[in-house]
Amino acid sequence: MQVLQMQMEVRPDPAEVSRARRWARSRLAGSGIGVDEPLAETLILLISELVTNAVVHTGCPAVLRMLFPVQGDGGGPGAGGLGGPGPGSGTVRVEVADSSGRGPRRRCADEGATNGRGLELVDGLADRWGWHPEGAGKRIWCEVDRGVRGGHGVPGTHEEPVLMGRASPHAPSQIGRSRQSPDQVLT
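Residues numbered from 1 in each chain as written. Predicted model: local features only at pLDDT ≥ 70, side-chain atom pairs only at ≥ 80, totals over all residues. Heavy atoms only, no water.

1. Quick word on the overall build of the protein chain
As a reminder of what qualifies: Put simply, DSSP marks the helices as runs of H or I at least four residues long and the strands as runs of E at least two long, and each gets a number from the N terminus on. Relative accessibility under 20% of the residue-type maximum defines a buried residue, over 50% an exposed one, and the middle range a partly exposed one, all with a 1.4 Å probe and only protein chains included. Residue contacts follow a heavy-atom distance rule, with two residues in contact if any of their heavy atoms lie within 4.5 Å. The method behind every accessible area is Shrake-Rupley, applied with a 1.4 Å probe, and residues are considered shielded solely by the protein chains displayed.
Counting secondary structure elements, the protein chain contains three helices and six strands. Reading the protein chain from its N end, one meets helices and strands in the order β-α-α-β-β-α-β-β-β. Across the 187 residues of the protein chain, 47% fall into the buried class. Partitioning the contacts of the protein chain with sequence separation of at least 6, the portion at a separation of at least 24 is 66%. Total accessible area computed for the protein chain in this model is approximately 9100 Å², and 53% of it derives from carbon and sulfur atoms.

Put into structure tokens, the structure is as follows:
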């Protein structure tokens, strides 16, 4: 299976969020995702949220990565990878890695709050998401399935190094979720 990976460095500056959105939009067309497709808007929103979290909550530089399946590589449904049989299939993964060892945490924003809903938004838009420690920092990731008939996959058993499932206040590295069948595991 082949994966096209693109990345950009993000400075710890709120202006980087809009730069990341522009960068991502410019890369989508080359991946076979039209900028006017609903998937593109979902990916841009997810990128915006993850980069915002890195910039606002860590104060550290970060790296944004987008990983796209290379179409037509024989990694179709049931092949156990990102690839797909043609345009519109596979899994797109977004990652933001930073050097802060502090894990993301969900907030309970009340109705009048102007922030605090980022991870809830990621949870609602992504098919899977989570995070894991990496060196002295961490990597937060999310995945969106393309071309899955009938919407999201069924719950599965895919595991990342640290998490899958809901968070408890005492286990900050255990946040995220998965709606994935075993034959769609990202390897």
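2. Some words on the side chain of Arg 93
To keep it simple, the criterion reads: Whenever two N or O atoms come within 3.5 Å, that pair is a polar contact, provided that in protein one can donate a hydrogen and the other can accept it, and provided that, for residues adjacent in sequence, both atoms are side-chain atoms.
Structurally, the position occupied by Arg 93 is in strand S3 (residues 90–98). A residue is classified by how much of its surface remains accessible, and Arg 93, at 6% relative accessible area, is buried. A polar contact of 2.7 Å, which involves the side chain of Arg 93, links it to the side chain of Glu 95. Engagement of the side chain of Arg 93 in a polar contact is seen with the side chain of Glu 143, the distance being 2.8 Å.

3. Remarks on the environment of His 57
Along the chain, the position of His 57 falls in helix H2 (residues 38–58). Sequence separation of His 57 and Pro 12 is 45 residues, and the distance between their C-alpha atoms is 9.5 Å.

4. What to know about the packing of helix H1 (residues 15–28) against H2
As a reminder of what qualifies: Simply put, an axis is a line fit to the C-alpha atoms, just over the touching stretch for a helix, and the angle between two N-to-C directions goes from 0 to 180 degrees. Under this scheme an angle from 65 to 115 degrees is roughly perpendicular, one under 35 degrees roughly parallel, and one over 145 degrees roughly antiparallel; angles in between are oblique. Here is the rule for handedness: rotate from the far helix to the near one, and if that takes an anticlockwise turn smaller than a right angle the crossing is left-handed, while a clockwise turn gives right-handed. Three classes are used, and their members are as follows: Ala, Val, Leu, Ile, Met, Phe, Trp, Tyr, Cys and Pro are nonpolar, Asp, Glu, Lys and Arg are charged, and the others, Gly among them, are polar.
At a minimum axis distance of 9 Å, the contact between H1 and H2 shows a crossing angle of 150°. Comparing the axis directions of H1 and H2 gives the class roughly antiparallel. The handedness of the crossing between H1 and H2 comes out as right-handed. Residues Glu 16, Val 17, Ala 20, Arg 21, Ala 24, Arg 25 and Leu 28 of H1 form the contact with H2, whose own contacting residues are Ala 40, Glu 41, Leu 43, Ile 44, Ile 47, Ser 48, Val 51, Thr 52 and Val 55. Here the contact of H1 with H2 is built from residues that sort into ten nonpolar, two polar and four charged.

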